[in-house]
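Inside the fold
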Amino acid sequence: MWEVMFWPIVVCVLLPWLLVYLGLHVVRRGIIFIDIAMAQMASLGICVAVLLHLRLDGWPAFAIALGFTLLGAAIFSVTGKRSSQIPQEAVIGISYVVAAAAAVLLLSRAAEGDEEIKNMLVGNILLVSPLDVWKCFALFLLVGIVHFLLRRTFLLVSFDRDAAYERGWRVRWWDFLFYALFGLVVTSFVRIAGVLLIFSYLIVPAVCGINLADSLGKRFLIGCLVALIGGIGGLFLSFQWDLPSGAAIVCTFGVLLVLLGAIGIWRRCSASG
Amino acid sequence: MKPNSLTKTTAAICLCLTTALTAQARINVVATLPDFGAVAREIGGNNVDVTVLAKPTEDPHFVDARPSFVVKLRAADVLIDGGAELEIGWLPPLLQNARNSKIEVGRPGRVQASQGIRLMEVPAQLTRAAGDVHATGNPHFMVDPIIAKAVAAHIANAFAAVDPAQAAEYRTNEQKFETTINARLQEWGAKLLPYRGQSLVAYHDSWPYFGHRFGFNVSVFLEPKPGIPPSPSHLAEVIAQMKAQKIKAIIVEPYHNRKIAEKVAQSTGAKVVDFAQFPGALPGTDNYVQLINKLVNNLAAALK
């Protein structure tokens, strides 16, 4: 088991902390599907690279994908108005479907089968290469440092937008920076682990943390713990019963969420009664 | 412990040991796709343990990796793959993770089935504009029984090299396979003879070898380009072509969208024929010969 599952376990230990932290922001902002929309923007970029007959693993293709991710960041920061009739989630949903449909249109013109593209965009955690893990970890560290240095700003912008506006901050620019960093994290993790996993890692630990604790620090710690248990537990089950690894982790997360939710309800009941 | 039960226990232990030893002696064979696996079983008989990675009903271009794939590849003495890029989307990362030098390309434990076979439809120049084209040529070659004989010979050679003690048996089994194919080829050819020269429509371009062998022209496809889903204008063009050429059958594989084929069939009066490249994908096709037999019968029934 060790030989096969070593690198997947490394992924589940080294990478989720940043996703858990960003997940707290994302859940607080109420923009649950932004990761999928961002990943789709990046894949639209790859489709453009295909149309231009570029090598998909080269720098130009990466730059185009990055450009599209930044475009997504720009769209989401411009549309995230202080008060609006249209919820941010609607814009995210629209961006997702339009990007997905545009990808279908581009591919039908580019006439490249989706084997390679699918392979390029959506990784399988079981088959990660050590180099990819280290590259992704380095990027996560960098983004983590930026988030640590600017933590006060980002936290205020995510958790208390009115206060941020009252202080006269350029909230949209901070939003743009947040989304741009977020896009980088999402696209690099999706290439390692796939869309199902990034979504679960962002949302489930954050929801568990919010359910069980009040302070940001405690929520983050609970989230990291949930991410670790879910990831490693899921990998173990995947090996034991020979299941696709990503899906096994996601379902383990689902079970954990139900269990922790039950604990939360029980605690609240016993506290009030 | 009574003497009687002691003898029984000893006997049981001996039995266990012998099974363990014979199990040890069997060579571990991994085949990427069920067609290679089926032929490997016929050549290897009881001397080999064959594991097939892709399911017969799975699209061979996309296979979902599971942990056991890596475990099996690590323990493999022989790996049989197509060697023609059909598995390019999923085999290389698996091999990278398995790190088994016995099955590296060039070692006796690696059979690349397409070696020494003249592949059809080799692109004159490689551009992405032509769609999801495989650089080495069309990789769906196993449905030509004569090519399958050549692949069987490759496999027998590899088994003999890895397990010289049983070499004679592998050769005998290969001969047997060849004789069966030769005998059936006559029968199959006779069944399809009345329809020789007709054109067929296929969902995906996986049947040039079958067409070449049995005298059909499979050059109209529901996919506008390999791997691209059918567009309305392309389907309209296909329908027009089918009417002009009086095409009577549309070949569909289990993992293709049968509804599209049925719709086209409705507007042209053609029949949808269930085809499969892999033994086990259609009922009653456990081995290679049964599969080809089924394909021949299904096609003959549809064209009648």
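See the structure printed just above.
This report concerns the structure included in the present document. What you are looking at is a predicted structure, and each value in this text was computed from that prediction instead of being measured.

1. Some details on the overall build of chain B
Along the backbone of chain B there are 10 helices and eight strands. Within chain B, the fraction of its 304 residues that count as buried is 44%. A separation threshold of at least 6 residues defines the contact pool for chain B, and within that pool the share at least 24 residues apart is 62%.

2. Comments concerning the packing of helix α7 (residues 130-149) of chain A against helix α10 (residues 171-193) of chain A
All names here are of chain A. One way to put it is that α7 packs onto α10 with a least axis distance of 10 Å and a crossing angle of 160°. By the angle class used here, α7 and α10 are roughly antiparallel. With respect to the hand of their crossing, α7 and α10 are arranged in left-handed fashion. Of α10, the residues touching α7 (which contributes Asp-132, Val-133, Cys-136, Leu-139, Phe-140, Val-143 and Val-146) are Leu-181, Leu-184, Val-185, Ser-188, Phe-189 and Ile-192. Of the residues that constitute the contact of α7 with α10, the class distribution is 11 nonpolar, one polar and one charged.

3. Here's the deal with unusual backbone geometry
All names here are of chain B. The phi torsion at Arg-99 lies on the positive side, around 40°, for a residue other than glycine. One can find Arg-99 in the loop between α4 (91-98) and β4 (110-112). Positive phi, normally seen in glycine, also occurs at Glu-121, with a value near 60°. Looking at the secondary structure, you find Glu-121 in the loop between β4 and α5 (145-162).

4. A closer look at the sheet that holds strand β5 (residues 199-202) of chain B
All names here are of chain B. Here four strands make up an open sheet; going across it, the order is β6-β5-β7-β8 and the pairing parallel. Of all the strands in the sheet, the pair left with one neighbour each is β6 (217-221) and β8 (271-274). Each adjacent strand pair in this sheet contributes to an overall mean axis angle of 35°, direction not counted. Sheet analysis places β5 next to β6, joined by four bridges and oriented parallel. Considered in β6, the bridge of Ser-199 is made with Asn-217. Set on the sheet, helix α10 (residues 288-303) makes contact with β7 (249-252) and β8; between it and β8 the angle comes to about 170°.

5. Description of α10 of chain B
Residues and elements named next belong to chain B. The end-to-end C-alpha distance of α10, which contains 16 residues, comes to 23 Å, matching closely the 22 Å that a straight helix rising 1.5 Å per residue would cover. Every buried residue of α10 is accounted for by Tyr-288, Val-289, Leu-291, Ile-292, Leu-295, Val-296 and Leu-299. Buried residues of α10 fall within an arc of 165° about the axis and therefore sit on the same side. Residues of α10 that are buried make contact with α2 (34-44), α5, α6 (167-192), β7 and β8.

6. Comments concerning the packing of helix α12 (residues 216-241) of chain A against helix α13 (residues 245-272) of chain A
Residue and element names in this part refer to chain A. Put simply, α12 and α13 touch, their axes get as near as 8 Å, and they point 130° apart. Judged by the angle between their axes, α12 and α13 are oblique. Seen along the crossing, α12 lies across α13 with a hand that is right-handed. Packed against α12, whose contacting residues are Val-226, Ile-229, Gly-230, Gly-231, Gly-233, Gly-234, Leu-235, Leu-237 and Ser-238, the element α13 presents Ser-245, Ala-248, Ile-249, Thr-252, Phe-253 and Leu-256 at the interface. The residue makeup of the contact of α12 with α13, split by class, is eight nonpolar, seven polar and no charged.

7. Structural notes on the nonpolar core
Ile-155, Ile-250 and Ile-251 of chain B are the most contacted members of the largest nonpolar core, which has 158 residues in total. The residues touching Ile-155 of chain B, leaving out its near neighbours within four places in the chain, are Val-39, Ala-40, Ile-43, Ile-80 and Val-111 of chain B.

8. As for α10 of chain A
Residues and elements named next belong to chain A. Along its 23 residues, α10 runs 32 Å from first to last C-alpha, staying within 8% of the 33 Å computed at 1.5 Å per residue. Along α10, 18 of the 23 residues are buried, which leaves the element largely enclosed by surrounding structure. Immediately beyond the C-terminal end of α10, within one or two residues, lies Gly-194, with a positive phi of roughly 95°.

Reading guide: rules and limits
- Residues numbered from 1 in each chain as written.
- Chains lettered and ligands numbered in written order.
- Predicted model: local features only at pLDDT ≥ 70, side-chain atom pairs only at ≥ 80, totals over all residues.
- Helix = DSSP H or I, 4+ residues; strand = E, 2+ residues; numbered from the N terminus.
- Buried ≥ 20, exposed ≤ 12 C-beta atoms within 10 Å, placed from the backbone.
- Contact = placed C-beta atoms within 7 Å.
- Axes fitted to C-alpha atoms, helices over the stretch in contact; angles between N-to-C directions.
- Parallel < 35°, antiparallel > 145°, perpendicular 65-115°, else oblique.
- Left-handed = near helix turned anticlockwise from the far one by under 90°.
- Nonpolar A, V, L, I, M, F, W, Y, C, P; charged D, E, K, R; others polar.
- Pairing = 2+ DSSP bridges.
- Expected span 1.5 Å × (residues − 1).
- Arc of directions from axis to C-beta.
- Core = buried A, V, L, I, M, F, W, Y, C linked by C-beta atoms within 7 Å.

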